[in-house]
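Letter by letter, the chains look like this.
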Amino acid sequence: MLEIVRQQMICIVAPGWPGGGGLPQSLQDALDSLLRDVAVVHFASIGLLPAVADAAEQRPSLMLELAVEEGLRPYDLLYRLIHHPGGAMWSLFGAMVAPGVAVPTAQHEQQLLDKLMQWHSIADGAFVGARDRSVRQIKMEQDLLERTRAEARTLKSKYGNDRTAFALALARWAYADPRFEWAATPAPRSYWRGKGAGIGAKLAYPVAAIVLWFVALWLISALPRAYNWFFGEPGPIVQAVEDAVSKTSKCLLAISGHGLLAFAVIAFLVWLFLVPLPAQFVSWRRWLNSVQQELDRPTDTFSSLSTYVGGWVIGVPLLLAIAACAIAYTLAPLAYALAPDYMARIVEPKIPKLTGLEIIGIAVVVIAVVLCIGALFYWLNRRFTKLSEQFFHPLEDDVPRAQQIHPSVERCEAELVRKTQHMFSLTDVRRPNGWSAWCIRTALRIVTFAGRVFFTQGWLGNAPGIHFGHWHIIDNGRRFLFCSNYDGNFGGYLDDFINGASTGTTLAWRWTELSPRAPAVDGQPGIAAPRSFPPTRFVIFRGVKCELKFKSYARDSMLPHIYHFDACNRTIEQINLATGLRDALFGERNEKNDDLIMRAIET
C-alpha cells in the first residue's frame, strides 16, 4: 500500500553534471512537449545538487523530480520518457551516459534506461494532496467547471434566487451536452477516500488481521487431532512432531491473547487520561494543555525546563515500567513453557496476589492523587501571581537572525507567483548515518501511512495546499532531499507545518543537519557555517515550534530549480471543487448537491 504512494514521486540523481547552471530554452521547450505528450506527469523539476564534500567527483549532480499518476512503475514511466520521439531525455542525460552521441540508437536508449533505473529513487516518504486524479481528469473537470460557470451566467436572470431550480437546470444542461458524457461516471476514488473513509472501515483491517491470526493459530493447534482422526494413532516420530506443533501453537495463542489484553489495557488508560478525564475536570484539561505547551515552547523558561526534567524523572520511568509490565505479561506463557519449575518456585511467590477490586482501588487512588496535585499547582498559580510570572518568564535564548533569501531561490519563487510553488531542500543525515537514516525512514513510513489512510481530503494534519511532498535519503544514506509542490507562498507553507503538522515535520527532519558545502555552480547558494535542526524534546516536541530557527534552517537548506513543469496549474481547492461539481451535477438531486453546485459556480 505504501509503495503505491512512494512510486508516485521519483527523483533521479545523476552524478557528474557537465553543464552549467541553466538549461537551453530549446531543451526546456522539448521537455515541456515531452511531458505534455506523455500526459501522466503532474509536476517535474530539475535542480543541481552540490557534490558531497569528500567525494572524488566534485561536479554537481543533476536531479530530476517527477510527481506522476498513481499505478505507474518507475521502469514503465522512464521507458515512455526515453522512447519519446522528441529525444528530450537523451538531450538532458545523454552526455552523462555516452558523450559525443547526438542521435542515440536503440542500444544507447536502453543504456540510458538502465542508467536512470540505477540513479532513480522512489520516495522514502510521501504525501499526495489531490489524490485519485489523473492529469487528463483534472483538465477535463476544470473545463466542465468553467463551462458550467459560463452557462450559469446565462441562466441567472431566468431563475434568480431559486437555488433548487437553478441547480436542476444546470444538471439538465450538463446531461444533455454530449461533451460531458464522460462525467456521468462518478469520479474515481481509492478505497481510503471512498468506502474506506469511515472509521469503521479503517478499524476493519487491524481487527480482521487479529482475528485471522487467532484463527490460524487455532487451526494449527487442531492439525494433530485432525491427523489422528484421519490416520489413527501416530508413531513415535510423528507423535513427537505433533507434540511440538501443539505446544508451540498453544504457546503462541496464549502469548497473542496476553499481548492483545495488555494492548487493550494500555489503550484504555491512554483513552482515559486523554479523553474522559479532560472532559470532566477542567484542571486536568489545563494541566495536559500546559504540559504540551511547555514541551513545545520555543524558548527555555523555568516552567519548560521543569516540565522537561519532570518528564525524564517521572514520565519516562513510568512509561518504561508500564512497557516492561506489558512485555512481561505478554511473554509469561513462553516463560512457563520453557521453565515451568523456575516460574512456579521462584517467580510466582514474589508476585503480589491482588484481587480485581484491589487493583481498581489502587487505580482510583492514583488518579485522585494526580488530580489533587494538579489542583494544588493550579491554586498556587492563582494565589502567588508574581511568583508564577517569574516562573514562566522566558530566559535568554540564542535565536539567530533569519537568513536572507538567496537571489537564485528568490528568482525561482518570483517565477511561480500565482502558480503552484515548488521547493528543493537538501540537508545532511546526522551521524551516525546508518542509525539516523533508519530513524528517518521509520518516521517517514509513519507519515506516509497516516497520509494514505487518515488524511485523505488534501490536508496533511492541519496543513492544506500540498500537492506532492516527498522525502528521499540519497548518497548511500548521507543526505536528505525534500521536494514539495504546494499552493500559496513559502512563509505560509511553513506556518501551516509549524501550527498544524508539527509532529510529523519534526519526526522527518530531527535527524538532519546542515554541513558546510560549496555552491553547486556559481550563482547558487552554499553553506558557510554548520547548522543543526532546532532542538527537540522527547522526539516529537519542540523542533519546528522554534519558528525563527526552523524557518532559517529551512531557508538555508533550499536550492533553486533550473526547470519546472506544471501540467494543470490549479490549486488543491480548485481541483477538489471541480471534482465535487462533477459528482454533484451528475449525482442524485438533493440539497447537499444543489448547494455544492451553487458554491462551485459562485466561488
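Reading the values: the criteria
Residues numbered from 1 in each chain as written. Predicted model: local features only at pLDDT ≥ 70, side-chain atom pairs only at ≥ 80, totals over all residues. Heavy atoms only, no water. Salt bridge = Lys/Arg side-chain N within 4 Å of Asp/Glu carboxyl O. Helix = DSSP H or I, 4+ residues; strand = E, 2+ residues; numbered from the N terminus. Buried < 20%, exposed > 50% of the residue type's maximum accessible area, 1.4 Å probe, protein only. Axes fitted to C-alpha atoms, helices over the stretch in contact; angles between N-to-C directions. Parallel < 35°, antiparallel > 145°, perpendicular 65-115°, else oblique. Left-handed = near helix turned anticlockwise from the far one by under 90°. Contact = heavy atoms within 4.5 Å. Nonpolar A, V, L, I, M, F, W, Y, C, P; charged D, E, K, R; others polar. Phe/Tyr/Trp six-rings, centres within 6.5 Å; stacked < 30°, edge-to-face > 60°.

### Side note on the pattern of salt bridges
- In the structure shown here, the tally under the stated rule is 17 salt bridges.
- Here D124 and R441 are joined by a salt bridge, their closest N and O atoms 3.2 Å apart. Taken as a pair, D124 in the loop between β4 (120–122) and β5 (125–128) and R441 in helix α17 (residues 433–453) lie far apart in primary sequence, 317 residues in all.
- One salt bridge connects R193 with D132, and the closest N-O pair in it is separated by 2.7 Å. With R193 in the loop between α7 (163–176) and α8 (199–231) and D132 in the loop between β5 and α6 (135–159), this pair connects stretches of sequence that are 61 residues apart.
- We classify R193 as buried; its relative accessible area is 6%.
- A relative accessible area of 16% means that D132 is categorised as buried.
- One salt-bridge network, in which partners are shared between bridges, spans D495, E547 and K551.

### A closer look at the packing of α8 against helix α9 (residues 236–274)
- Running from N to C, α8 and α9 cross one another at 160 degrees; their axes reach a closest spacing of 9 Å. Judged on the interaxial angle alone, α9 and α8 are roughly antiparallel. Relative to α9, the crossing made by α8 is left-handed. Along its contact with α8, which presents I210, W213, F214, L217, I220, S221, P224, Y227 and N228, the element α9 presents V238, E242, V245, S249, L252, L253, S256, G257 and L260.

### Some thoughts on the packing of α7 against helix α22 (residues 591–602)
- Their axes nearest at 9 Å, the elements α7 and α22 cross at an angle of 80 degrees. One way to sum up the angle between α7 and α22 is to call them roughly perpendicular. For the pair α7 and α22, contact is made by R163, T164, F166, A167 and L170 and by D594, D595, I597, M598, I601 and E602, respectively.
- When the residues that make up the contact of α7 with α22 are grouped by side-chain class, the tally is 6 nonpolar, 1 polar and 4 charged.

### So, unusual backbone geometry
- The omega angle of the peptide bond from R431 to P432 is -5 degrees, so this bond is cis rather than trans.
- For P432, the location among the structural elements is in the loop between β6 (421–429) and α17.
- Despite not being glycine, D475 shows a phi value in the positive range, around 55 degrees.
- One can find D475 in the loop between β7 (466–474) and β8 (479–486).
- Phi at N476 is positive, roughly 55 degrees, even though this residue is not glycine.
- Here N476 shows up in the loop between β7 and β8.

### Description of the packing of aromatic side chains
- Using the criterion set out here, one finds 21 aromatic pairs in the structure.
- Judged by centre distance (5.4 Å) and plane angle (40 degrees), the rings of W312 and F538 are tilted. Of this pair, W312 sits in helix α12 (residues 302–338) while F538 sits in the loop between β11 (536–537) and β12 (541–542), and the two are 226 residues apart along the sequence.
- Assessed through its relative accessible area of 26%, F538 is described here as partly exposed.
- Ring geometry for W471 against F482: centres 5.2 Å apart, planes inclined by 25 degrees, an arrangement best described as stacked. Here W471 is found in strand β7, whereas its partner F482 is found in strand β8, with 11 residues between them in sequence. You'll find W471 and F482 in the same group, each marked buried.

Remember that the coordinates give geometry; whether it matters functionally is a separate question.
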